[in-house]
Protein chains: 2
Amino acid sequence: MPAATKDRIIDTTAELFRRYGYTGTGMKQIVAEAQAPFGSLYHFFPGGKEQLGQETIRRSGQMYRELFEAIADPAPDIVTGVRSFFEGAAAVLEETDYADACPIATVALEVASTSEPLREATADVFNSWIDAATARLEAEGASPSGAREAAISMIASLEGAFILSRAFKSTEPMHVAGEHAVAVVRRALTREE
Amino acid sequence: MPAATKDRIIDTTAELFRRYGYTGTGMKQIVAEAQAPFGSLYHFFPGGKEQLGQETIRRSGQMYRELFEAIADPAPDIVTGVRSFFEGAAAVLEETDYADACPIATVALEVASTSEPLREATADVFNSWIDAATARLEAEGASPSGAREAAISMIASLEGAFILSRAFKSTEPMHVAGEHAVAVVRRALTREE
DNA sequence: AGGGGACTAGATAGATCGCTCTAGCGGTAA
DNA sequence: TTACCGCTAGAGCGATCTATCTAGTCCCCT
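Treat the numbers as computed from the prediction; the structure is a model and nothing was measured. (Residues numbered from 1 in each chain as written. Chains lettered and ligands numbered in written order. Predicted model: local features only at pLDDT ≥ 70, side-chain atom pairs only at ≥ 80, totals over all residues.)

A. Geometry of the protein's contact with DNA strand C. In the vicinity of DNA strand C there are 16 residues, among which Pro37, Gly39 and Ser40 of chain A together with Gly26 and Gly48 of chain B approach most closely. Counting only elements with at least two residues in the surface near DNA strand C, the list comes to α3 (38-44) of chain A together with α2 (27-34), α3 (38-44) and α4 (48-72) of chain B. Its residues assigned to classes, the surface near DNA strand C shows six nonpolar, eight polar and two charged. (Near = placed C-beta within 6 Å. Helix = DSSP H or I, 4+ residues; strand = E, 2+ residues; numbered from the N terminus. Nonpolar A, V, L, I, M, F, W, Y, C, P; charged D, E, K, R; others polar.)

In structure tokens form, the structure reads like this:
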């Protein structure tokens, strides 16, 4: 017996953030889409939209990190893991008519100058991604500084590719970014010998 | 005798877009910031916010392309040109307390699913950047397909680095992305021999 | 049985949204 | 002068925004 309503609100919010961003998503719109009662919104999130946004960001960030692990774990090596991750992102984009991109990026750009708590939430999420990717690269033999730089570069490429793919309604940028990320990983691994 | 008011409105809109995004920027806020009369807004932009947004996107895109050319032209080669461009972007971010990032990226993510005219404007801008960078790479010896992929990869890295740098309030991602863009350019130039 | 807390339900406040409208200003041309 | 037109000026419309508020429902626990 889960607190299904709260989860449903967060999941719906994440999906709306991906399509319309933070300021573009309304509270009424959220409860309508989530088929949740309006009163529950401020019951579960007394801090209002900012709190809902923060929890949505952190949860989405965690889900993406787990998704990355889930793809990277069974992969024979990190190179093919990274390639699969980017290919998967491209496939999702295509399936959803380029609507379901990363929910963090849009919000991160919007709120960086308006809400310090939300900005910190996006920073924490990106940091956790960088740490996760760095750890994996180090485990496969990259130097600490090389691993971190490669991780940052990969994530920047991923997010930038989301922007371009969404604007073009094309998976080309995501495929190109994926190959670029693969090259970055290879370089980080081989430079340490 | 320029139509100074119209230009001032567009410039102000571009700056507000960078900080607050498309939906986060209000029409009243624009005229207040631009010190322009409200009536002039709908005189110059009878198409309303969507028209103003479109003109702002296209003009900002053109300015950024010209900025890239202005940095790349006097550079001894494209590698140092690219490096200078990323270093310049990092410096601007730091100077403005990470507020003045790319005005296109934020809007592109926000409007891709809500306004086809605006989405097309962002796509046109990104395309013009890709074409400009591709031409330069080809001129220095890269293969056509290699040049295009490198251009896409560079721009994706740039935009992704804007997101991360803004979220972290740090220039580290921009510097890392710059070095990786340099590596991408080098690879595109040397692979064609 | 009954008390209490978690949750639902929605009307509504107060502000702000994009936009329209009319009125008037100032310079140019007939 | 008079007529015209590009532009200024801002009041105000209907809609929508976030958030608050009261009332009511449900179910567990004693």
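B. A look at the packing of helix α1 (residues 4-20) of chain A against helix α2 (residues 27-34) of chain A. Residues and elements named next belong to chain A. Two elements in contact, α1 and α2, have axes whose closest approach is 9 Å; the angle formed by their N-to-C orientations is 115 degrees. Classified by chirality, the crossing of α2 by α1 is right-handed. Two secondary-structure elements touch here, α1 through Arg8, Ile9, Thr12, Thr13 and Leu16 and α2 through Gln29, Ile30, Glu33 and Ala34. For the contact of α1 with α2, the per-class residue count stands at four nonpolar, three polar and two charged. (Axes fitted to C-alpha atoms, helices over the stretch in contact; angles between N-to-C directions. Left-handed = near helix turned anticlockwise from the far one by under 90°. Contact = placed C-beta atoms within 7 Å.)

C. Summary view of helix α7 (residues 116-139) of chain A. Relative to the 34 Å expected for 24 residues at 1.5 Å per residue, α7 of chain A spans 34 Å between its end C-alpha atoms, a close match to the ideal helical length. Along α7 of chain A, the residues that are buried comprise Leu118, Arg119, Ala121, Thr122, Val125, Phe126, Trp129, Ile130, Ala133, Thr134, Arg136 and Leu137 of chain A. On its buried face, α7 of chain A is in contact with α4 (48-72), α5 (78-95), α6 (103-111), α8 (144-168) and α9 (172-190) of chain A together with α8 (144-168) of chain B. Of the residues trailing α7 of chain A, glycine 141 of chain A is marked for its positive phi of about 110 degrees. (Expected span 1.5 Å × (residues − 1). Buried ≥ 20, exposed ≤ 12 C-beta atoms within 10 Å, placed from the backbone.)

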